[in-house]
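Inside the fold
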Amino acid sequence: MRRLLKLAMAAALTLLPATAAFAQTEITWWDFLSGGDGVRMKALIQKFNDTHPDIKINATTLEWGVPFYTKVQTAAAVGQQPDIMTYHISRYPLAVPTGILRPFTAEELAAAGIKKENYVDAAWNSASADGKTYGIPFDVHSIILYYNKDILKQAGLLGDDGLPKGLDGLDNFNAVLGKIKALGKVEYPLSINSDQGASIWRIFYTLVAQQGAKFMDGKEIMPGDSSLKALDTITNWIKSGYSPQLISYEASIALFTSGKAAMHINGVWEVPTMVDLEKKGQLGFHWGAIEIPNLMGQQATWVDSHSFAIPASTVKPISEDKVKVVLEVIRWMNENSISWASAGHIPAYKPVTESADFKNMQPNAVYSKLADTAVYDPISPLAGVAGPIYEAAQNFIIPAINGQLDPKDAIDQMREELQGQQ
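Now for a quick tour of the structure. (Residues numbered from 1 in each chain as written. Predicted model: local features only at pLDDT ≥ 70, side-chain atom pairs only at ≥ 80, totals over all residues. Heavy atoms only, no water.)

**Considering the sheet that holds strand β1 (residues 25-31)**
This is how the line gets drawn: One bridge is not enough; two strands pair if DSSP finds at least two bridges between them. A run of DSSP states H or I qualifies as a helix once it reaches four residues; a run of E qualifies as a strand once it reaches two. Both are numbered from the N-terminal end. Every residue pair with non-hydrogen atoms within 4.5 Å of one another is taken to be in contact. Whenever a helix is involved, its axis is fitted only over the stretch in contact; in every case the axis is a line through C-alpha atoms, and angles between N-to-C directions fall within 0 to 180 degrees.
On the basis of which strands lie adjacent, the open sheet formed by five strands has the order β2-β1-β3-β14-β6 and mixed pairing. The open sheet has two edge strands with one neighbour each: β2 (55-61) and β6 (136-137). Looking at chain direction, β6 and strand β14 (residues 306-309) are connected through two bridges and run antiparallel. When the sheet's bridge partners are listed, Ile 136 is paired in β14 with Phe 308. The sheet strands contacting helix α2 (residues 35-51) are β1, β2 and β14, and the helix crosses β2 at an angle near 165 degrees. Relative to strand β3 (residues 84-88), helix α3 (residues 66-77) is tilted by about 140 degrees, and along the sheet it contacts β1 and β3.

This is the structure we're talking about:
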């Protein structure tokens, strides 16, 4: 009996190293990704877990926008924050002063093989402040111009390369809209989401940036007349019947996909919508997408980025060992972000965008150059996803473009409201 007991104990001891070798580090992950983004991210997480037996990502998807950011702040305050989270870079100016983001040290990044030069400059720089790196960008996402190739060809506006021609310059662009309208093949030359502040903010801010102007200059909000010019431009599209009044996000997409609008301004995240409809034979026309044309003098486009960050907590800070694992996750996600590009996004990791796989991905490769002239939201706590500027756009820009408020009054009231929140 004693001999059998000794043999059992010896066998148990020989198993210990093998058991320890397969011990897992569990990583708590929070994101706000739904729809096609959510599907693709879940697939990436599953692939990571399948190929890393020593690490397990436990992922939770929370509600997008203010609820997500409020939840993160509340959780960190009581030490129940995740180890890693997705975070919009446009929110960093609001997050950094509150201390909600734990910065990565240069030594941590170097040990993980994460190098600044491998990332889109504008994205990396926007995730940094005061010489510290607060997050690692995952993509660059923006608004783009979707177009119906068949209609543009009939109007003589499509080049031999399949790309639109004659769109640069506001006068030229408006003339194109007039020409398409006169053709009589569509209800509207252009479809934009005209009842939602977030959608219009992206177009409005793009037009401000294309004038070489700033929405905010220090504490001054909307200096000069660039904001009024931008607002007048959008207002004119609707007033002239080029784009419909008070149309919802879903309806603005449907106008384009049904062939009732020749062009459509929306985010890159709707590329999968077009791809899927085309594959199913439900689109009814050939389509393409390009960066927003240079309408106001210089090329620029509003952008934002999804990034990866670690919440900071004084109650229960993340351990150094966990940070190493989190950075391994981040590095892997970026190195494998070609599948994320299929959601329309431009990977922030340059080795992926420079790869043959990405260069063959259409129309992504065509509009990816917008990353070189990307303009992020103003560096201010007023800015960022679901922030005060988005709310002000809903309250003042939306009524103005739909003829319910004089554009100059809208700019004055918007400026007054935002200045009162500084």
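Having seen it, we continue.
**Structural notes on the pattern of salt bridges**
Filter applied, for reference: A side-chain nitrogen of Lys or Arg and a carboxyl oxygen of Asp or Glu constitute a salt bridge if their distance falls within 4 Å.
The full count for this structure, using the stated rule, is seven salt bridges. Within the structure, one salt-bridge network assembled from shared partners comprises Lys 408, Asp 412 and Arg 415.

**Things to note about the pairing of β1**
The two faces of a sheet get side chains in turn, since along a regular strand they alternate between them. Here β1 runs beside β2; their pairing, made up of seven bridges, is parallel. Note on β2: the bridge partner recorded for Asp 31 is Thr 61. Bridge count between β1 and β3: two bridges; the pairing is parallel. Bridge pairing links Trp 29 to Ile 84 in β3.

**Description of the side chain of Arg 91**
Put simply, the rule reads: Relative accessibility thresholds used throughout: buried, under 20% of the residue-type maximum; exposed, over 50%; partly exposed, between the two (1.4 Å probe, protein chains only). Within this scheme the basic residues Lys and Arg register as positive and the acidic residues Asp and Glu register as negative, but His and the chain ends are omitted.
Tracing the backbone shows Arg 91 in the loop between β3 and α4 (92-98). Here Arg 91 is buried and forms no salt bridge, its nearest opposite-charge partner Asp 304 lying at an N-O distance of 8.4 Å. Filtering out sequence-adjacent residues up to four positions away, Arg 91 remains in contact with Tyr 69, Gly 384, Val 385, Ala 386 and Gly 387.

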